There are 2 protein chains.
Amino acid sequence: MCDNLHIHGLKMPESMDEETRSQLCPVVYAVSKLGGKWKLIVVHNLIDGPLRFGELRRAIPDITQRMLTLTLRELEEDGIVNRHVFEVVPPHVEYSLTEVGQGLESVMSSLGDWGRANFAQKRNAVAQTA
Amino acid sequence: MCDNLHIHGLKMPESMDEETRSQLCPVVYAVSKLGGKWKLIVVHNLIDGPLRFGELRRAIPDITQRMLTLTLRELEEDGIVNRHVFEVVPPHVEYSLTEVGQGLESVMSSLGDWGRANFAQKRNAVAQTA
DNA sequence: CTGAATCCCTTTTGATACTG
DNA sequence: CAGTATCAAAAGGGATTCAG
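Residues numbered from 1 in each chain as written. Chains lettered and ligands numbered in written order. Predicted model: local features only at pLDDT ≥ 70, side-chain atom pairs only at ≥ 80, totals over all residues. Heavy atoms only, no water.

A. Looking closely at the overall build of chain A. In terms of regular secondary structure, chain A is built from 8 helices and 3 strands. In chain A, which comprises 130 residues, the share counted as buried stands at 42%. Long-range pairs, those at least 24 residues apart, make up 41% of the contacts in chain A between residues at least 6 apart in sequence. Just so you have it, chain A exposes about 7,000 Å², and 51% of that area is on carbon and sulfur atoms. (Helix = DSSP H or I, 4+ residues; strand = E, 2+ residues; numbered from the N terminus. Buried < 20%, exposed > 50% of the residue type's maximum accessible area, 1.4 Å probe, protein only. Contact = heavy atoms within 4.5 Å. Areas by Shrake-Rupley, 256 points an atom, 1.4 Å probe, with all protein chains shown as cover.)

B. Main features of the environment of Gly112 of chain A. As for its placement among the helices and strands, Gly112 of chain A is situated in helix α7 (residues 105–118). Residues Gly112 of chain A and Pro26 of chain A, 86 residues apart in the sequence, show an inter-C-alpha distance of 21 Å. Look past the residues within four positions of Gly112 of chain A in its chain and what remains in contact with it is Pro26 and Val27 of chain B.

C. Structural context of the protein's contact with DNA strand D. Around DNA strand D sit 18 residues in total, of which Lys37 of chain A together with Arg52, Gln65, Arg83 and Tyr95 of chain B are the nearest. A share of 62% of the atoms of DNA strand D within 4 Å of the protein falls on sugar and phosphate groups. Note that a phosphate oxygen of DNA strand D is positioned 2.4 Å from one of the side-chain N or O atoms of Arg83 of chain B. Measuring from a phosphate oxygen of DNA strand D, one finds a backbone N or O atom of Val93 of chain B at 3.4 Å. Where the surface near DNA strand D is concerned, the elements lending two or more residues are α5 (65–77) of chain A together with α4 (53–59), α5 (65–77) and β3 (92–97) of chain B. With 4 residues, α5 of chain B is the single largest residue contributor to the surface near DNA strand D. Of the residues belonging to the surface near DNA strand D, the class tally is 7 nonpolar, 4 polar and 7 charged. (Near = heavy atom within 4 Å. Polar contact = N/O pair within 3.5 Å; in protein donor to acceptor, adjacent residues only side chain to side chain. Nonpolar A, V, L, I, M, F, W, Y, C, P; charged D, E, K, R; others polar.)

D. Focus on the sheet that holds strand β1 (residues 51–52) of chain B. Residue and element names in this part refer to chain B. Spatially, β1-β3-β2 is the arrangement adopted by the 3 strands of the open sheet, whose pairing is antiparallel. Each edge of the sheet is formed by a strand with only one pairing partner; in this case those strands are β1 and β2 (81–86). Note: β2 against β3, 6 bridges, orientation antiparallel. Counterpart to His84 in the pairing with β3 is Glu94. Helix α3 (residues 39–46) rests against β1, β2 and β3 of the sheet, and its axis sits at about 95 degrees to β3. Each of β2 and β3 is contacted by α5, which is oriented at about 115 degrees to β2, the strand it contacts most. (Pairing = 2+ DSSP bridges. Axes fitted to C-alpha atoms, helices over the stretch in contact; angles between N-to-C directions.)

E. The protein's contact with DNA strand C, seen in detail. Residues in contact with DNA strand C amount to 19 residues; listed here are only the nearest, Gln65, Arg83 and Tyr95 of chain A together with Arg66 and Met67 of chain B. Of everything in DNA strand C that lies within 4 Å of the protein, sugar and phosphate atoms constitute 59%. Within the side chain of Tyr95 of chain A, one N or O atom sits 2.8 Å away from a phosphate oxygen of DNA strand C. Take Arg66 of chain B: an N or O atom from its side chain is 3.2 Å from a base nitrogen of DNA strand C. Those elements that place two or more of their residues in the surface near DNA strand C are α4 (53–59), α5 and β3 (92–97) of chain A together with α5 of chain B. Sorting elements by how many residues they give to the surface near DNA strand C places α5 of chain A first, with 4 residues. Class assignment for the residues of the surface near DNA strand C results in 8 nonpolar, 5 polar and 6 charged.

F. Geometry of the pattern of salt bridges. Applying the stated rule across the entire model yields 6 salt bridges over all chains. Note that Lys33 of chain A and Asp78 of chain A form a salt bridge whose closest N and O atoms lie 3.2 Å from each other. Of this pair, Lys33 of chain A sits in helix α2 (residues 26–34) while Asp78 of chain A sits in the loop between α5 and β2 (81–86); the two residues are 45 residues apart in sequence, bridging distant segments of the chain. The exposure class assigned to Lys33 of chain A is buried, which follows from its relative accessible area of 16%. Arg116 of chain B is paired through a salt bridge with Asp113 of chain B; the nearest N and O atoms lie 3.3 Å apart. Taken together, the positions of Arg116 of chain B and Asp113 of chain B, both in helix α7 (residues 105–118) and 3 residues apart, correspond to about one turn of that helix. Residue classification places Arg116 of chain B among the partly exposed positions, given a relative accessible area of 29%. (Salt bridge = Lys/Arg side-chain N within 4 Å of Asp/Glu carboxyl O.)

G. Geometry of α3 of chain B. Taking burial as the measure, the 8 residues of α3 of chain B include 8 buried ones, the bulk of the element. All buried positions along α3 of chain B are accounted for by Lys39, Leu40, Ile41, Val42, Val43, His44, Asn45 and Leu46 of chain B.

H. Region of interest: unusual backbone geometry. The step from Val89 of chain A to Pro90 of chain A runs through a cis peptide bond, and the omega angle for that step is 0 degrees. Within the secondary structure, Pro90 of chain A is located in the loop between β2 and β3.

The following block contains the structure:
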């Protein structure tokens with residue numbers, strides 16, 4: 001999975017800093033971009049299409065306005081999310097995935113498969129055995 | 001992706017707490033299990049097979065002993081990682097993925113694909129155009 | 001409606017020292 | 001080797017207020 005260094009071995013130079021090293025392993029780099037508490041959840045909610053700020057907020061009831069703003073800004077900086085401002089009053093701002101962000105679709109779907117297979121069975125465990 | 005509720009709509013009952021709600025969406029649930037700063041990195045390093053505590057520590061140079069211990073304990077609690085203690089001196093403890101943990105392989109590989117495609121090009125961008 | 005700014009608290013993480 | 005304990009620092013996050 002790491003095609004250019006042996007992260008499992010002893011070959012990685014320990015002198016380089018974290019950011020430099022993360023660029024050597026695609027997985028480590030990906031995790032560094034998606035690591036926040038809310039990033040994957042926001043991406044997940046944008047997979048099906050653009051949403052407005054308020055729509056995102058309602059879709060993720062536990063996120064605060066502040067955290068949603070911060071998360072969206074970081075995703076935007078990393079080229080994962082697009083921010084489209086409609087110049088009207090009242091303001092209308094739409095968020096969507098960039099091409100890079102849409103590339104996460106298979107990540108999200110395998111994550112969903114895993115969650116469904118391993119944890120979400122409680123809902124219908126009875127139904128299946130009945 | 002959420003087959004049992006409309007997370008994009010207004011249908012989600014806002015009264016339930018976060019844990020209850022997370023179980024309604026496989027993606028949200030998965031993220032809640034893998035959300036920590038180090039969890040995916042540790043899983044990533046165990047994909048190819050069991051590793052000892054010290055091997056993991058060397059494979060993840062930026063993690064502290066303490067965080068590695070905490071991360072492994074949580075992964076163990078969640079049934080993602082197995083802990084196998086060899087009763088010898090000096091101590092020998094091996095960590096491996098459970099079946100549930102191995103189910104994350106496609107997640108890790110699509111994460112790696114995404115990282116490789118979008119961020120890790122800096123290394124050989126020149127080589128490709130040359 | 002969207003979001004910036006402030007204040008303040010909680011959780012997470014790191015450094016260090018110690019142990020079977 | 002594989003941890004645990006303790007303390008301190010930092011990051012994360014919430015509540016509220018204000019603004020275009």
